[in-house]
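Notes for the structure review
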Amino acid sequence: AKQIGRNGFALFSSELREKAEQRILLLKDMRFALAQNQFEMHFQPIVSMHTRQITKAEALIRWQHPNKGMISPDQFIPLAEETQLIHQLGEFAFDQAVEVLQKTRSLNSQLQLSINVSPIQFSAKHTTLLAWQNQLTKHQLTPDMLVLEITEGLMMQGEGRSQKRLTKLIQQGFAIALDDFGTGYSSLAYLKQMDTEFIKIDKRFVDGIEINEDDLVLCETMILMAHQLGLKVIAEGIETATQHELLKQAGCDFGQGYFYSKPLPKEAFISYLEHGNA
Ligand code: C2E
Ligand code: CA
Ligand code: CA
Ligand code: CA
């Protein structure tokens, strides 16, 4: 048990020091992990709600730590964002997506891959985002095969450098999906202005729709609004057949979740495309 009293402050500061030390260790670990190829991308299928065909997949990063096992991105992405490491992780995600697109062209020529792009990747001076189009062209791929998943914060930054870069990417033909929709300070006006193609309804809303009428109404309303604005909807975190049915009836366009498939390692994802749903 913690002792609070005369030593309260000393205890607090030693806890802080321990936290800071853990962060430094994790950062050091992450740099080493990059050099040792401990990161890998997994791919989670996204299906058309009506046909159940795989039309897209989201690339999700994984850290296979030799001693600690699998470390979740929620545990290391925020730290990577405070340093320059997010750029390297972002490039890694892009490169892996390009490789999968190349390998799957013959299996599914319509496949779109989405990657999560951190706001930091837009705001830094030496961003590599603007070279992505050339890299795709080199591999005979086009920007419309990639969906960039961004969060609302980025859209709201106004007239900054980030906004201009986002506009440039859209002009180059990249598709944009607004991630975690409804969880932040949304403005549907920004959606229209930025020529977004998709919104992703957050799992938090999907979770409750079977038991909570309000959650279902919220999903239905988001889908209606999105469609009014000419946007397509991807619902994430679908885990049951009932959730699938309810969202399909609500007019949702695409679904993602364990009900269809968990995120799969690269090779498994490619063979899943080869052999179809099974
Ligand atoms: P996100 O972008 O909202 O990704 C969706 C998360 O929901 C993923 O968690 C996915 O594995 C999980 N998920 C999908 N379907 C289901 C389901 O049916 N049930 C449950 N329980 N979970 C489901 P994951 O892979 O742990 O990623 C967490 C977050 O880390 C992501 O949230 C994203 O914000 C971030 N992230 C992941 N990969 C990258 C990356 O390459 N770059 C950046 N910048 N961020 C990433
Ligand atoms: Ca995402
Ligand atoms: Ca999300
Ligand atoms: Ca999330």
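Here, the structure is the one placed above.
Since the model is a prediction, treat every value here as computed from it, not as a measurement. (Residues numbered from 1 in each chain as written. Chains lettered and ligands numbered in written order. Predicted model: local features only at pLDDT ≥ 70, side-chain atom pairs only at ≥ 80, totals over all residues. Heavy atoms only, no water.)

Side chains of a nonpolar character, in soluble globular proteins, are inclined to be buried together. Grouped together as the largest cluster of nonpolar side chains are 72 residues, with contacts concentrated most on Met30, Leu113, Ile115, Leu146, Leu247 and Phe269. The residues touching Leu113, leaving out its near neighbours within four places in the chain, are Phe43, Ala57, Ala97, Val100, Leu101, Met145, Leu146, Val147 and Phe269. Residues Ile46, Phe198, Ile234 and Phe254 belong to the second largest nonpolar core, which totals 7 residues. (Core = buried A, V, L, I, M, F, W, Y, C linked by side-chain atoms within 4.5 Å. Buried < 20%, exposed > 50% of the residue type's maximum accessible area, 1.4 Å probe, protein only. Contact = heavy atoms within 4.5 Å.)

A few words on the coordination of the calcium ion (ligand 2). Taken together, Glu58 (OE), Asn116 (OD1), Glu149 (OE) and Asp179 (OD) make up the full set of protein donors to the calcium ion (ligand 2), lying 2.2 to 2.3 Å away. Of note, the calcium ion (ligand 2) draws all its donor residues from one chain, in the sequence arrangement E-x57-N-x32-E-x29-D. Separating the calcium ion (ligand 2) from the calcium ion (ligand 3) is a gap of 4.1 Å, which Asp179 spans by donating to each of them. Of this pair, Glu58 sits in strand β2 (residues 54–65) while Asp179 sits in strand β6 (residues 175–181), and the two are 121 residues apart along the sequence. Comparing Glu58 with Asp179 shows no difference in burial state: the two are buried. (Donors = N, O, S within 2.8 Å, 3.2 Å for Na, K, Ca; no water. Helix = DSSP H or I, 4+ residues; strand = E, 2+ residues; numbered from the N terminus.)

Around ligand 1, the surrounding shell holds 21 residues, and the nearest of these are Ile61, Arg62, Asp179, Glu239 and Tyr258. Between a nitrogen atom of ligand 1 and a main-chain N or O atom of Ile61, the distance comes to 3.1 Å. In this structure, Tyr258 approaches ligand 1 through a main-chain N or O atom, which is 2.8 Å from an oxygen atom. Compared with its free state, where it exposes 800 Å², ligand 1 has 82% of that area covered by protein. Elements with a minimum of two residues in the shell around ligand 1: β1 (39–48), β2, α2 (73–81) and β6. Looking at the shell around ligand 1 element by element, the count peaks at 4 residues for β2. Taken together, the residues that form the shell around ligand 1 break down as 8 nonpolar, 5 polar and 8 charged. (Near = heavy atom within 4 Å. Polar contact = N/O pair within 3.5 Å; in protein donor to acceptor, adjacent residues only side chain to side chain. Areas by Shrake-Rupley, 256 points an atom, 1.4 Å probe, with all protein chains shown as cover. Nonpolar A, V, L, I, M, F, W, Y, C, P; charged D, E, K, R; others polar.)

Once that is clear, we can look at unusual backbone geometry. The residue Gln140 is not glycine, and still its phi comes out positive at about 55°. With respect to the secondary-structure elements, Gln140 resides in the loop between α5 (132–138) and β5 (146–150).

Attention now goes to the pairing of strand β8 (residues 232–236). Here β8 lies mainly inside the structure; 4 of its 5 residues are buried. In terms of strand pairing, strand β7 (residues 198–201) meets β8 through 4 bridges, oriented parallel. Paired with Phe198 across the bridge in β8 is Lys232. Crossover connection from β8 via helix α11 (residues 241–249) to parallel strand β9 (residues 254–256): handedness right-handed. (Pairing = 2+ DSSP bridges. Right-handed = clockwise from strand over helix to strand, strands pointing away.)

The interhelical angle for the contact between helix α3 (residues 85–104) and helix α12 (residues 266–275), taken along N-to-C directions, is 25°, at an axis separation of 11 Å. By the angle class used here, α3 and α12 are roughly parallel. The two elements α3 and α12 meet at a crossing, and its hand is right-handed. For the pair α3 and α12, contact is made by Gln96, Glu99, Val100, Lys103 and Thr104 and by Lys266, Phe269, Ile270 and Leu273, respectively. For the contact of α3 with α12, the class distribution of residues is 4 nonpolar, 2 polar and 3 charged. (Axes fitted to C-alpha atoms, helices over the stretch in contact; angles between N-to-C directions. Parallel < 35°, antiparallel > 145°, perpendicular 65-115°, else oblique. Left-handed = near helix turned anticlockwise from the far one by under 90°.)

This brings us to the packing of aromatic side chains. Two aromatic rings, taken as a pair, are described by how far apart their centres are and by the angle between their planes. If you walk through the whole model with that rule in mind, you get 7 aromatic pairs. Across the ring face of Phe254, the terminal group of Lys56 is positioned such that the distance to the ring centre comes to 4.4 Å. One residue, Lys262, lies across the ring of Tyr258, its end atom 4.7 Å from the ring centre. (Phe/Tyr/Trp six-rings, centres within 6.5 Å; stacked < 30°, edge-to-face > 60°. Lys NZ or Arg CZ within 6 Å of the ring centre and 35° of its normal.)

Attention now goes to helix α10 (residues 213–228). Residues three or four positions apart in an α-helix share a direction because the helix packs 3.6 residues into each turn. Relative to the 22 Å expected for 16 residues at 1.5 Å per residue, α10 spans 22 Å between its end C-alpha atoms, a close match to the ideal helical length. Along α10, the positions that sit buried rather than exposed are Asp215, Leu216, Cys219, Met222, Ile223 and Ala226. Down the axis of α10, the smallest arc covering the buried residues is 125°, so these residues share one side. Across from the buried face of α10, at angles greater than 90 degrees, the exposed residues are Glu213, Asp214, Leu224 and Gln228. Buried residues belonging to α10 abut β6, β7, α9 (203–207), β8 and α11. Two or three places before Asp214, at the start of α10, stands the capping residue Asn212, its side-chain oxygen 2.9 Å from that residue's backbone nitrogen. (Expected span 1.5 Å × (residues − 1). Arc of directions from axis to C-beta.)

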